[in-house]
Amino acid sequence: MERLDKILAATGKWSRKDAKALVKAGRVKVEGQPPRGPEDKVAEGALVTVDGHPINTDKFVYIMLHKPDGVVSSTEDPRDETVLTLLPKELRRIGLFPVGRLDKDTEGLLLLTNDGQLAHRLLAPGKHVDKVYYTEVDGVLDPSDCQAFETGIVLGDGTECLPAELEILEDPGQALVTLREGKYHQVKRMLASRGKPVTYLKRLSMGPLKLDPILPPGRWRYLSDREKEELGL
Ligand code: URA
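Source: prediction; values computed, not measured.

Before going further, it helps to spend a moment on the site of the ligand. Within the structure, the ligand sits among L102, D103, T106, Y133, H185, Q186, V187, K188 and L201. Between the ligand and the protein, one listed contact pairs an oxygen atom with a side-chain N or O atom of T106 at 2.9 Å. A distance of 3.2 Å is found between an oxygen atom of the ligand and a backbone nitrogen or oxygen belonging to H185. For the ligand, whose accessible area on its own is 240 Å², the fraction buried by protein is 96%. In terms of residues, the shell around the ligand owes the most to one element, helix α5 (residues 186–192), which gives three residues. When the residues that make up the shell around the ligand are grouped by side-chain class, the tally is four nonpolar, three polar and two charged. Shared between two domains, the shell around the ligand takes at least three residues from each, and those domains are domain 2 (62–124 + 212–230) and domain 3 (130–206).

This part covers the side chain of Q186. Within the secondary structure layout, Q186 lies in helix α5. We classify Q186 as buried; its relative accessible area is 4%. When sequence neighbours within four positions are dropped, the list of residues in contact with Q186 reads C161, L179 and E181.

For helix α4 (residues 143–151), the complete set of buried residues consists of D145, A148 and F149. Along the long axis of α4, the arc covered by the buried residues comes to 100 degrees, so they all point the same way. The exposed set on the far side of α4, more than 90 degrees from its buried face, consists of P143, E150 and T151. After α4 finishes, the residue G152 shows a positive phi value of roughly 115 degrees.

As a further point, take helix α2 (residues 16–24). Taken together, the buried positions of α2 are occupied by A19, L22 and V23. Here the buried residues of α2 occupy an arc of 95 degrees about the axis, which is enough to place them on one side. What points out from α2, more than 90 degrees from its buried face, is the exposed set K17 and K24. As for α2, its buried residues are in contact with α1 (4–9), β2 (28–30) and β4 (48–50). Within two residues after α2, G26 carries a phi angle of roughly 75 degrees, on the positive side.

With seven of its seven residues buried, strand β8 (residues 107–113) lies for the most part within the structure. Inspection of the sheet shows strand β7 (residues 97–98) paired to β8 by two bridges, in the antiparallel sense. Note that in β8 the partner of P98 across the bridge is L112. The pairing of β8 with strand β12 (residues 198–206) spans two bridges and is classified as parallel. Paired with G108 across the two strands is R203, which belongs to β12.

Scoring rules and cut-offs
Residues numbered from 1 in each chain as written. Predicted model: local features only at pLDDT ≥ 70, side-chain atom pairs only at ≥ 80, totals over all residues. Heavy atoms only, no water. Near = heavy atom within 4 Å. Polar contact = N/O pair within 3.5 Å; in protein donor to acceptor, adjacent residues only side chain to side chain. Areas by Shrake-Rupley, 256 points an atom, 1.4 Å probe, with all protein chains shown as cover. Helix = DSSP H or I, 4+ residues; strand = E, 2+ residues; numbered from the N terminus. Nonpolar A, V, L, I, M, F, W, Y, C, P; charged D, E, K, R; others polar. Domains from an automatic or database assignment. Buried < 20%, exposed > 50% of the residue type's maximum accessible area, 1.4 Å probe, protein only. Contact = heavy atoms within 4.5 Å. Arc of directions from axis to C-beta. Pairing = 2+ DSSP bridges.

Structural measurements only, silent on function.
Okay, here's the thing in structure tokens:
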């Protein structure tokens, strides 16, 4: 349950003061009924309308973006286009941030939210959420690479990676990589350490969340109820 004026203000369209004024002016209805006042408690998911138009009453927003090549996954950047510029204006000022970064030239699944707790659950070290990437390399992958991933790769600077999975596809220059951590440039550095540099990288999944195959690069959509449930929301 949340106060009605707080729900209205959380949309970013009205200040708390304006929200109170809207309610007092009789322009707001909850489940079709006029509320008693701005401090009325409203149940999650209740239908709230302003001048007859429904507003989004969800506390947090969850978005799946198919990140294209060439945009950075930060919220601000002095030089490059950020992933936020791929969203409509009203979604750019509600505190959305990407859950885990992808390199500028990496494509694929990026979850954007303003729910810090979910981000923590998916990213905190020790949570070991599986992330699956499709990759293409310059070179030919072989079983010794799979073995090295399984044992745990040590990068050039001595950084030790957790055991990971490398599944070579029909073309031995292509593979699926499953990581349970997220170090800087990790897939690229792991494969570079095997002398097989990455030429293409795309994230396919993060925990239970899979990139929607019909979502083209650069496009986004809200997570479905089912996807939210799978993430424990
Ligand atoms: N590993 C990388 O090297 N780059 C990414 O963007 C993600 C994982």
